[in-house]
Structures are given as structure tokens and as C-alpha cells.
Amino acid sequence: MSDRTVSALIVAVIGLGLIWTLFVRAPLPAPSTSGDSGQAALSPGTVPLVTGEEPVEVILTRAGCPVCHTIPGVTGANGKVGPPLILGRTGEARLKDPSYHGSATTIAEYIAESIMDPGAFVVSGYPSATMPTWYGTKLSALALEKIVSYLERQTEESGVSGK
Ligand code: HEC
């Protein structure tokens, strides 16, 4: 997480978070994780701001990631809308994919980019324009960092727990 791209993303997260705090503050219920894809239930209004102080499992769950993703080590995270988040195994292949034209050069950067700018690369076999594009306004820099360091270690088998 020392690369300039990631730093720029983090600055953007903090800025957007600040704007959100100042202008859009409102009581927000926890996101619903019921339903097939949960897309209807997931909107900026139903996802609370995640400070990053929470354990990573809580961060991922509050952000609604389990609605669409299977995530090793996260209870109830067996969504099928997006790819299983096992970037410890699949990350390298994403970066080497000839159709990858994003700016990430490491798996950590790729994960951060996937969260902040999901349109940068669409994993083949999965729907485009489906992953929310507003996570930059909901995740603190610390929350993003924790998500990245957790996801980059996940493989099918592991489910490595880490905070
Ligand atoms: C409404 C469904 C939905 C939600 C909610 C969602 N995603 Fe996704 N996500 C997708 C889809 C669909 C893709 C595959 C298409 C693409 O690459 O944009 C994807 C792709 C990804 C990728 C790239 C995976 C790979 O194998 O290359 C990562 C990383 C990711 N999401 C992380 C997250 C995280 C972290 C959260 C929660 C903060 C989240 N997603 C929430 C639907 C979702």
C-alpha cells in the first residue's frame, strides 16, 4: 500500500468520506443481505459508513459485500453475483489478463481499484455495472486498507482470519 496510486485512492476516500459526513449524514440501517442478488436492497442509503475500527469481517458485512461475494472466513458470505474473493489465488491472473487495462501493478492495488473503481476491469463471466460504484463514499481509508490486506491473503482453502 505504498504506491502512489493507492495513496491517491486513499486521499480520494478520505475526501469523499468527509463530504459524505458533512452533507449526507443521516441515520442508516444495516444493509439487508436477503434476496437473490440483494441489488435492490443495497444502496448508499442502506449501507452505513464504516470507520475501519471494526474487525474486517464486520467491515465486509456492513458494506454488504457478502450479498454478492463468497468470502472465505466471513460467516454468511456466500453470494454468487460476483466472483469468490480469493485474490490470493486469482489476483495474479487478473493482472496478467490481456484485457486488464487498469493501473494496478500489485494484487493489493488491484483489490483497491476493484472496490473504488469497479468499472476499471470486469472479471469475465460476471456482470458489468453491477458492483456498487459508491464504496469510496462509505469506506474510510483504514477500512479499505483492512479489506485489501484481508482479501489479498484469501485462497479457496484458507479462510485466514485477520484483523
Ligand atoms: C451488488 C453486487 C456486489 C456487491 C455488493 C459487491 N460486489 Fe464486488 N463485484 C461484483 C461483481 C458482479 C464483480 C465482477 C465484475 C467486475 O469485475 O466488476 C465484482 C468484482 C469484485 C472484485 C474483483 C474480483 C476478482 O476476482 O477479480 C473485488 C475485489 C470485489 N468485487 C470486492 C468487493 C468488496 C470488497 C465489496 C464490499 C465492499 C463488494 N465487492 C461488493 C458485485 C458486487
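Residues numbered from 1 in each chain as written. Predicted model: local features only at pLDDT ≥ 70, side-chain atom pairs only at ≥ 80, totals over all residues. Heavy atoms only, no water.

As named in an unreviewed UniProt entry, the chain is Cytochrome c domain-containing protein, taken from Nitrospira japonica.

Considering the overall build of the chain
The helix and strand tally for the chain stands at six helices and zero strands. When the helices and strands of the chain are read in sequence order from the N terminus, they spell out α-α-α-α-α-α. A buried classification covers 45% of the 163 residues belonging to the chain. Taking the intrachain contacts of the chain between residues at least 6 apart in sequence as the baseline, contacts between residues at least 24 apart amount to 56%. For the chain, the accessible surface area stands at approximately 8,300 Å², while carbon and sulfur atoms represent 59% of it. (Helix = DSSP H or I, 4+ residues; strand = E, 2+ residues; numbered from the N terminus. Buried < 20%, exposed > 50% of the residue type's maximum accessible area, 1.4 Å probe, protein only. Contact = heavy atoms within 4.5 Å. Areas by Shrake-Rupley, 256 points an atom, 1.4 Å probe, with all protein chains shown as cover.)

Brief notes about the nonpolar core
Grouped together as the largest cluster of nonpolar side chains are 37 residues, with contacts concentrated most on L60, I71, Y110 and L139. At the level of secondary structure, the elements contributing two or more residues to this core comprise α2 (56-62), α3 (65-68), α4 (87-96), α5 (107-116) and α6 (141-151). Among the elements that take part in this core, α5 stands out by supplying seven residues, more than any other. (Core = buried A, V, L, I, M, F, W, Y, C linked by side-chain atoms within 4.5 Å.)

Quick look at the coordination of the iron atom of the ligand
Taken together, the protein ligands of the iron atom of the ligand are H69 (NE2) and M131 (SD), with distances of 2.0 to 2.1 Å. If you look at the iron atom of the ligand, its six donor atoms make angles of 86 to 179 degrees with each other, and the shape they trace is octahedral. Of the two residues, H69 is situated in the loop between α3 and α4 and M131 in the loop between α5 and α6; the sequence distance between them amounts to 62 residues. On the basis of relative accessibility, which here comes to 28%, the residue M131 falls in the partly exposed class. (Donors = N, O, S within 2.8 Å, 3.2 Å for Na, K, Ca; no water. Tetrahedral: all angles 85-135°; square planar, octahedral: opposite > 155°, others 65-115°.)

A closer look at the layout of surface pockets
Its volume calculated, the largest pocket comes out at about 580 Å³. Along its surface, the largest pocket is lined by 34 residues, and H69, P83, L85, S114 and M131 are the ones closest to its centre. Looking at the lining of the largest pocket, the element that brings in the most residues is α5, giving four residues. Residue classes in the lining of the largest pocket are distributed as 25 nonpolar, eight polar and one charged. (1 Å grid on protein atoms, 1.4 Å probe; cavity = no way out; pocket = protein on both sides within 12 Å on 5 of 7 lines; lining within 4 Å. Points joined across faces, edges and corners; volume = space filled by probe spheres on them. Nonpolar A, V, L, I, M, F, W, Y, C, P; charged D, E, K, R; others polar.)

A look at the site of the ligand
Neighbouring residues of the ligand: 27 residues in total, closest C65, C68, H69, Y110 and M131. At 2.5 Å, a side-chain N or O of Y110 approaches an oxygen atom of the ligand. In this structure, the ligand is accommodated by the largest pocket. For the shell around the ligand, the leading source of residues is α5, giving three residues. Class assignment for the residues of the shell around the ligand results in 20 nonpolar, six polar and one charged. (Near = heavy atom within 4 Å. Polar contact = N/O pair within 3.5 Å; in protein donor to acceptor, adjacent residues only side chain to side chain. Sits in = over half its atoms within 2 Å of the grid points.)

Section: the pattern of salt bridges
Enumeration according to the criterion identifies two salt bridges in this entry. The residue R89 makes a salt bridge to E156 at a minimum N-O spacing of 2.9 Å. Here R89 is found in helix α4, whereas its partner E156 is found in the segment after α6, with 67 residues between them in sequence. With relative accessibility at 46%, the residue R89 sits in the partly exposed group. Residue class for E156 comes out partly exposed when judged on its relative accessible area of 47%. (Salt bridge = Lys/Arg side-chain N within 4 Å of Asp/Glu carboxyl O.)

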